[in-house]
Amino acid sequence: MATKTNAVRLVEQAKIPCRECFYEFDESDLSGTHAAQAIGMPPEQVFKTLVARGEKTGINVFCIPVCCELNLKKAAKAAGDKNMELVPVKELLGLTGYIRGGCSPVGMKKKYPTFFDETCVLWEEIAVSAGARGHQMILPPERLAELVSAELVDLAE
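Note that the structure is a prediction, hence the values are computed from the model and not measured.

Student: Residue-level account of the pairing of strand β2 (residues 47-54), with values.
Tutor: The side chains of a regular strand alternate between both faces of the sheet. Counting buried positions along β2 gives six out of eight residues, so the element sits mostly inside the fold. Here β2 pairs with strand β3 (residues 58-65) via eight bridges, running antiparallel. The residue bridging Lys48 from the neighbouring strand is Ile64, located in β3. The turn linking β2 back onto β3 is made up of three residues.

Take a look at the structure:
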């Protein structure tokens, strides 16, 4: 069995029911839709974690279904900013402690303002990265949002 990630440990410490899924990943296809297919869940129920920088607010974290794109106008509005842009992949590890394809909303290096697409509550459970490529954790969205102090807002398009 693979080593528990920091994200999984934090979820367990918070006593949030969680299942882990491991799957083979391909460096050339780190897409969330591949992850959803690999763990056998609909793409609307698997959420990717995106990191963006606001003009005034700095770094913000957004979780949206893997089948959607982040609407940067909605993201900026949610964060109370005028503009928002995704951070370059090369900055991800330094900011979050995670690499592309393994970025979890749980256990980042710093606590950033976090926003989940409001559709997460349509599901009893959602999947998010457990902090490593090929590793997802499946858990109740409300409990996850509470753990990372996330606001539920309309983010996706």
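And the narrative resumes.
Student: Tell me about the packing of aromatic side chains, residues and numbers included.
Tutor: This model, assessed by the stated rule, comprises one aromatic pair. An angle of 20 degrees between the planes, with centres 5.4 Å apart, marks the rings of Phe62 and Phe115 as stacked. Of this pair, Phe62 sits in strand β3 while Phe115 sits in strand β5 (residues 114-117), placing them 53 residues apart in sequence. The class for Phe62 is buried, based on a relative accessible area of 0%. Accessibility expressed as a relative area gives 3% for Phe115, which makes it buried.

Student: Tell me what's going on with helix α3 (residues 72-79), and back it up with residues and numbers.
Tutor: Within the span of α3, buried status applies to Ala75, Ala76 and Ala79. Buried positions in α3, seen along its axis, are confined to an arc of 100 degrees and lie on one side of it. Facing away from the buried surface of α3 by more than 90 degrees, the exposed residues are Lys73 and Lys77. Along its buried surface, α3 packs onto β3, β4 (84-86) and β5. In the segment just after α3, Gly80 is the residue with positive phi, at about 75 degrees.

Conventions used here
Residues numbered from 1 in each chain as written. Predicted model: local features only at pLDDT ≥ 70, side-chain atom pairs only at ≥ 80, totals over all residues. Heavy atoms only, no water. Buried < 20%, exposed > 50% of the residue type's maximum accessible area, 1.4 Å probe, protein only. Helix = DSSP H or I, 4+ residues; strand = E, 2+ residues; numbered from the N terminus. Pairing = 2+ DSSP bridges. Phe/Tyr/Trp six-rings, centres within 6.5 Å; stacked < 30°, edge-to-face > 60°. Arc of directions from axis to C-beta. Contact = heavy atoms within 4.5 Å.

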